Amino acid sequence: MPATGAPRPDAASAGRPAGAPPDVVRELTEDALLALTRREVAAIHVREFYPADAARAVAVRALDHPELGNYHKAKSGSVGRVFTPHVDTAWDPARIDAYHRSARASTAAARAVFAPYPSPIDLLRVRLEELWPAGAGLLRLRGRACFVGALRVFRPDDSELFPHNDRIDQETDAPEIAGITEQLTANVYLATPRAGGDLHLWLREPTPDESATIRAVEGLDPESVGPPALTFRPAAGDLIMFSSAMLHAVAPARDEPRVGTAAFVASRGPGEPLAYWS
Ligand SMILES: O=C(O)CCC(=O)C(=O)O
Ligand SMILES: [Fe+2]
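Parameters at a glance
- Along each chain, numbering runs from 1 in the same order as the chain's sequence is written.
- The lettering of chains begins at A and the numbering of ligands begins at 1, in the order of writing.
- Reporting of local features is limited, given that this is a predicted model, to residues whose pLDDT is at least 70; pairs of side-chain atoms are given and counted only at 80 or more, and all residues count toward the totals for whole chains, interfaces and linings.
- Only hydrogens and water are set aside when side-chain values are computed; all heavy atoms of the structure are taken into account.
- Starting at the N terminus, helices and strands are each numbered in turn, a helix being any DSSP run of H or I of at least four residues and a strand any DSSP run of E of at least two.
- Only C-alpha atoms enter the radius of gyration, while the globule expectation follows 2.2 Å times N to the 0.38, with N the number of residues.
- Each residue is assigned to one of three classes by its accessible area relative to the maximum for its type, calculated with a 1.4 Å probe on protein chains only: buried under 20%, partly exposed between the two thresholds, exposed over 50%.
- Residue contacts are defined here by distance: any two heavy atoms, one from each residue, within 4.5 Å place the two residues in contact.
- Only strands joined by at least two bridges in the DSSP assignment are considered to pair.
- Working convention: axes come from line fits to C-alpha atoms, limited for helices to the stretch in contact. Angles between N-to-C directions cover 0 to 180 degrees.
- For Na, K and Ca the donor cut-off is 3.2 Å, and for all other metals it is 2.8 Å, counting N, O and S atoms only; because water is absent from this set, sites may look incomplete.
- Nearness is judged by heavy atoms alone; a residue qualifies as near a molecule or strand once a single heavy atom is within 4 Å of it.
- Two N or O atoms form a polar contact when they lie within 3.5 Å of each other; inside protein one atom must be a possible hydrogen donor and the other a possible acceptor, and for residues adjacent in sequence the pair counts only when both atoms belong to side chains.
- The residue classification treats Ala, Val, Leu, Ile, Met, Phe, Trp, Tyr, Cys and Pro as nonpolar and Asp, Glu, Lys and Arg as charged. All others, Gly included, are polar.

Colleague: Explain the overall build of the protein chain here, please?
Modeller: Helices and strands together make up the secondary structure of the protein chain, namely seven helices and 16 strands. In terms of overall dimensions, the protein chain is globule-like: its C-alpha atoms have a radius of gyration of 17 Å, near the 19 Å expected for 278 residues. Overall size of the protein chain, expressed as C-alpha extent along the three principal axes, is 50 × 45 × 35 Å. Taking all 278 residues of the protein chain together, the buried fraction comes to 55%. Contacts in the protein chain between residues far apart in sequence, at least 24 positions, make up 80% of those at least 6 positions apart.

Here it is as structure tokens:
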């Protein structure tokens, strides 16, 4: 995340003719990751990163999982998640302790949801380790392992993620987050609705006022942010990675649940390993 937090509305379209759509890269490569972390491309969208049949077979398991709960903030509370992601530690020492105490067990349980298939997030972890110049590893905060591999459930006509961004420096002041220059989110979609469920990207960071609203309720009024720069309609098995420090939103699913599994990925530049967590 740029330390300034300055909006960079045209970052992903710099050098392109006015009105030309920003670049979306279709393959997960070293160059694609470097370009994404430098905001030279808007997103990486890999079709069939994971077999669609396996994705759909597993998605139903998230819908009635015993660990299915909801995000804690006013504007994100309609969205279900399996296992507690770091954002829900909410600066509360007891919740932070519980998050780290259960991190390894939750990661193993998230992996087990996919059995006998491999977890898409595990596959992504290996690819990041292979591709990034300095490798990749699990984020530790105050020396304690994070959880990775959260599942998200958007129930039809109910769940919506309003325009927001995600930044680890708004969730913790642990010394390990020093030097982070960009935070990506990586979503692998397991089930997607026929109608609704689009992913919108604005390709700019929130203003200071917008940031304050996001910190309080985790979402902006869609009318207030203008039209998105990019809209994605993901299919089961797709991987989409983009800057989570920039504004993004998920429209409500209309007919069937939208299920995905996700990890955040922090970059400190090519000379340092990527760090991932949920
Ligand atoms: O489900 C998605 O498409 C994106 C969800 C999101 O807000 C994120 O990954 O940070
Ligand atoms: Fe997000």
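The discussion continues.
Colleague: Teacher, can you tell me more about the sheet that holds strand β11 (residues 199-201) here?
Modeller: As a general point, the strands of a sheet are linked pairwise by backbone hydrogen bonds and lie either parallel or antiparallel. The strand order across the open sheet formed by four strands is β9-β14-β11-β12, and the pairing between neighbours is antiparallel. At either end of the open sheet lies a strand with only one pairing partner, and these are β9 (161-164) and β12 (230-232). Averaged over all adjacent pairs, the angle separating strand axes in this sheet is 15 degrees, with direction ignored.

Colleague: When you look at the coordination of the iron ion (ligand 2) in this model, what are you seeing that I'm missing?
Modeller: When a metal carries six donors in an octahedron, the ideal angles between them are 90 or 180 degrees, while four donors in a tetrahedron ideally lie at 109.5 degrees. Protein coordination of the iron ion (ligand 2) is provided by His164 (NE2), Asp166 (OD) and His248 (NE2), with donor distances spanning 2.1 Å. Motif for the iron ion (ligand 2), donor spacing along one chain: H-x1-D-x81-H. In this pair, Asp166 is assigned in the loop between β9 and β10 (182-191) and His248 in strand β14 (residues 248-250), connecting sequence segments 82 residues apart. With respect to class, Asp166 is no different from His248; both count as buried.

Colleague: What am I meant to see in the site of ligand 1 here?
Modeller: Around ligand 1, 13 residues are found, and the nearest of them are Asp166, Thr185, Asn187, Tyr189 and Arg258. Between an oxygen atom of ligand 1 and a side-chain N or O atom of Asn187, the distance comes to 2.8 Å. For ligand 1, an oxygen atom lies 3.1 Å from a polar atom in the side chain of His248. Within the residue set of the shell around ligand 1, elements represented by two or more residues are β8 (150-154), β9, β10, β14 and β15 (258-267). Top contributing element to the shell around ligand 1 by residue count: β10, with three residues. Taken together, the residues that form the shell around ligand 1 break down as six nonpolar, four polar and three charged.

Purely spatial values, then, with no claim about function.
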